[in-house]
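Observations on chain architecture
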Amino acid sequence: MSQTFDVIVLGLGAAGSSALYHLSKTGKKVCGIDQFSPPHTFGSSHGQSRIIRQAYHENPKYVPLVKQAYDYWAELEKESGRQLFKQTGGIMLGHRDAGVVKGAELSAQTHNIPYEYLDSHTINQRYPAFKPGEATVGILEKTAGILFPEDCIEANLNLAAKNQAEIRLNEKVISINPHEHSVEIVTAKGRYTTDKLVVSAGAWLTELLPEPHLPLTVERQVLYWFKNSDSSPSRPVLNELPVYIWEYTPGKIFYGFPDLGDGIKVAHHHAGEPTTPHTLTKQVREDEVQAMSEVIGRYFNINPVFNYATTCMYTNTPDENFIIDHHPNYKHIIVASPCSGHGFKFASVTGKILSDMALDKKPEADISMFSIHRF
Ligand SMILES: Cc1cc2nc3c(=O)[nH]c(=O)nc-3n(C[C@H](O)[C@H](O)[C@H](O)COP(=O)(O)OP(=O)(O)OC[C@H]3O[C@@H](n4cnc5c(N)ncnc54)[C@H](O)[C@@H]3O)c2cc1C
């Protein structure tokens, strides 16, 4: 006999764990299912740190949403009693015409976010670890910082369990069978029936829901940690850096974090190989390490020594805006792909939106730009 629920959340990564947490507070009978035991290292939500920032260079329309996300992260911190966020400030670097710089300034001006516009000399004075070229400028935003992704997911799941949500881990969903007013889920271990289903399956989304042919592509991303072999007393401080996003050539971006103990963490934004969760090459090649080491040598005043690297997946839409919408054919299925390489910071509010949608409430936030129908 199949167990029945009001809402099932399929996929308990950044988005799904948050949805389950919010749903667990509503008194509904809810269940979360994951093929692994989140937080894990097989999807998109691992690797020690994620940037959160308000001067959103991608599009000012994200700013109201990220402001709500800050509030929900603070609520989660309070309820879980754990530190999930560290404010470091954030700097968007590049030529004054770079999209990252101009976009961050536009968002800051549109939404009255306090910021400083720094020239190359000032950047270098404040952050001697950076090696900006003469024409490099920076938009510095104080409210930016780091979220600890594994801790965030753990906090969501622990609180959801405390609120009586059922959590099924290491249980792979094999098929989703929609009926007129319910959905049947078949897993490797059993069958469930639910009134509403939230599918937040990250890079696995299209294999679980081949219809409606979502135009998602999965991209391999490599995260690197580098230490400084310079041990002189005058070496630049790395643990007090802000988070940084650096458009070093038009359209080419690397981003990174201060040293949280393992060295600075850096990565290219996009520019990864197309992949799938089944064909992802976890091994990081020597030439990849060498190329990143050269980038660091060019843009940092340190002698980089490779510490370690890991891989992760971006699930991208063509316009890099998220998908958060009802399935076009089955209104009781809600589809969430809040990634494209920038979704973690929003997960706290994405979960609230998904919870509201599953309970037929209108979300507080404007999510029209995440419509499935735009493709
Ligand atoms: C390297 C990297 C750096 C990033 N940096 C940032 C950043 O600095 N700031 C930022 O805001 N965002 C960042 N992002 C984006 C952000 O991390 C993602 O948007 C977010 O993690 C996506 O979460 P998700 O819940 O959609 O997917 P995931 O966290 O991957 O969760 C999907 C879950 O679904 C489960 N699942 C899939 N199929 C099944 C099945 N058949 N049965 C059961 N369970 C299933 C999986 O096991 C997984 O746990 C980055 C992403 C990467 C990869």
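Residues numbered from 1 in each chain as written. Predicted model: local features only at pLDDT ≥ 70, side-chain atom pairs only at ≥ 80, totals over all residues. Heavy atoms only, no water.

Bringing the overall build of the chain into the picture now. In terms of helices and strands, the chain carries 8 helices and 20 strands. Along the longest, intermediate and shortest principal axes, the C-alpha atoms of the chain span 70 × 45 × 40 Å. For the chain, the proportion of its 375 residues judged to be buried stands at 55%. Excluding contacts between residues fewer than 6 apart, the proportion of contacts in the chain whose partners are at least 24 apart in sequence is 74%. Counting every atom, the chain has about 15,900 Å² of accessible surface; 50% of that belongs to carbon and sulfur. Here the chain contributes 35 positively and 41 negatively charged side chains, and the mean placements of these two sets differ by 2 Å. (Helix = DSSP H or I, 4+ residues; strand = E, 2+ residues; numbered from the N terminus. Buried < 20%, exposed > 50% of the residue type's maximum accessible area, 1.4 Å probe, protein only. Contact = heavy atoms within 4.5 Å. Areas by Shrake-Rupley, 256 points an atom, 1.4 Å probe, with all protein chains shown as cover. Lys, Arg positive; Asp, Glu negative; His and termini not counted. Charge placed at Lys NZ, Arg CZ, Asp CG, Glu CD.)

Direction of pairing for strand E1 (residues 3–10) relative to strand E12 (residues 191–199): parallel, over a ladder of 7 bridges. By the bridge assignment for E12, glutamine 3 is matched with tyrosine 192. Sheet analysis places strand E11 (residues 183–187) next to E12, joined by 4 bridges and oriented antiparallel. By the bridge assignment, valine 183 is partnered in E12 with threonine 194. Between the antiparallel neighbours E11 and E12 lie 3 residues. Across 3 bridges, E12 lies against strand E20 (residues 333–337) in parallel orientation. Bridge assignment links valine 199 to a residue of E20, and that residue is valine 335. (Pairing = 2+ DSSP bridges.)

If you check helix H2 (residues 63–80), its first and last C-alpha atoms are 26 Å apart, about what 18 residues at 1.5 Å a residue would give, namely 26 Å. All buried positions along H2 are accounted for by Val63, Leu65, Val66, Gln68, Ala69, Tyr70, Tyr72, Trp73 and Leu76. Directly beyond the C-terminal end of H2, a positive phi value near 70° is found at glycine 81. (Expected span 1.5 Å × (residues − 1).)

The final tally for this structure, using the stated rule, is 28 aromatic pairs. The interplanar angle of 45° and the centroid separation of 5.4 Å between the aromatic rings of tyrosine 62 and phenylalanine 346 together place this pair among those described as tilted. Highlighted residues: tyrosine 62 in the loop between strand E3 (50–52) and H2 and phenylalanine 346 in the loop between E20 and helix H8 (347–358), separated in sequence by 284 residues. Judged by relative accessible area, tyrosine 62 falls into the buried class, the value being 0%. These aromatic residues form a ring-pair network of at least three members: Tyr127, Phe130, Tyr244, Trp246, Tyr248, Phe254, Tyr299 and Phe300. Residue placement shows lysine 29 over the ring face of phenylalanine 5; its charged tip is 5.1 Å from the ring centre. (Phe/Tyr/Trp six-rings, centres within 6.5 Å; stacked < 30°, edge-to-face > 60°. Lys NZ or Arg CZ within 6 Å of the ring centre and 35° of its normal.)

Attention shifts here to the site of the ligand. Around the ligand sit 36 residues, and of these Asp34, Ser45, Ile51, Cys312 and Lys345 come closest. A distance of 3.2 Å is found between an oxygen atom of the ligand and a backbone nitrogen or oxygen belonging to histidine 342. Measuring from a nitrogen atom of the ligand, one finds a backbone N or O atom of phenylalanine 344 at 3.0 Å. Computed on the free molecule, the ligand has an accessible area of 1,000 Å², of which 98% lies beneath the protein chains in the complex. Contributing elements (two or more residues each) for the shell around the ligand: helix H1 (14–24), E3, strand E13 (217–228) and strand E18 (304–316). At 3 residues, the largest contribution of residues to the shell around the ligand is made by E18. Residues of the shell around the ligand, tallied by class, amount to 18 nonpolar, 13 polar and 5 charged. (Near = heavy atom within 4 Å. Polar contact = N/O pair within 3.5 Å; in protein donor to acceptor, adjacent residues only side chain to side chain. Nonpolar A, V, L, I, M, F, W, Y, C, P; charged D, E, K, R; others polar.)

The UniProt entry lists residues 6–357 under the feature "domain: FAD dependent oxidoreductase" (unreviewed entry), expressed in the numbering used here. Helix makes up 26% of residues 6–357 and strand makes up 31%, while its end C-alpha atoms are separated by 13 Å. (UniProt positions renumbered as here; feature names shortened; annotations may be inferred.)

Relative to the helices and strands, glutamate 171 is located in the loop between strand E9 (166–168) and strand E10 (173–178). Despite being buried, glutamate 171 has no salt bridge partner; arginine 168 is the closest side chain of opposite charge, sitting 4.5 Å away. (Salt bridge = Lys/Arg side-chain N within 4 Å of Asp/Glu carboxyl O.)

What follows concerns H1. Residues spaced three or four apart along an α-helix point in a common direction, a consequence of the helix completing one turn every 3.6 residues. Here H1 lies mainly inside the structure; 11 of its 11 residues are buried. Among all positions of H1, only Ala14, Ala15, Gly16, Ser17, Ser18, Ala19, Leu20, Tyr21, His22, Leu23 and Ser24 are buried.

Any two side chains of opposite charge can pair if their charged atoms end up close together. Following the criterion strictly, the structure yields 18 salt bridges and no others. Of the charged contacts, one joins arginine 285 and aspartate 287 as a salt bridge, the two residues approaching to 3.0 Å between their closest N and O atoms. Owing to a relative accessible area of 37%, arginine 285 belongs among the partly exposed residues under this scheme. Here aspartate 356 makes a salt bridge to lysine 352, at a shortest N to O gap of 2.9 Å. Taken as a pair, aspartate 356 and lysine 352 lie in helix H8 at a separation of 4 residues, close to a single helical turn. Because the salt bridges share partners, they merge into one network encompassing Arg220, Glu273, Arg285, Asp287 and Glu288.

Through backbone hydrogen bonds, the strands of a sheet pair up, either in parallel or in antiparallel fashion. The 3 strands lie next to each other as E3-E8-E4, forming an open sheet whose pairing is antiparallel. The sheet is open, and its two borders are formed by E3 and strand E4 (85–87), each paired with just one other strand. Strand-to-strand, the axes of this sheet are offset by a mean angle of 30°, without reference to chain direction. Strands in contact with H2 are E3, E4 and strand E8 (145–147); relative to E3, the strand with the most contacts, it is inclined by about 120°. (Axes fitted to C-alpha atoms, helices over the stretch in contact; angles between N-to-C directions.)

Attention shifts here to the environment of alanine 135. Checked against the element boundaries, alanine 135 lands in the loop between helix H4 (120–126) and strand E7 (136–141). With a relative accessible area of 45%, alanine 135 lands in the partly exposed category. Between the C-alpha atoms of alanine 135 and isoleucine 367, which are 232 residues apart in sequence, the distance is 37 Å.

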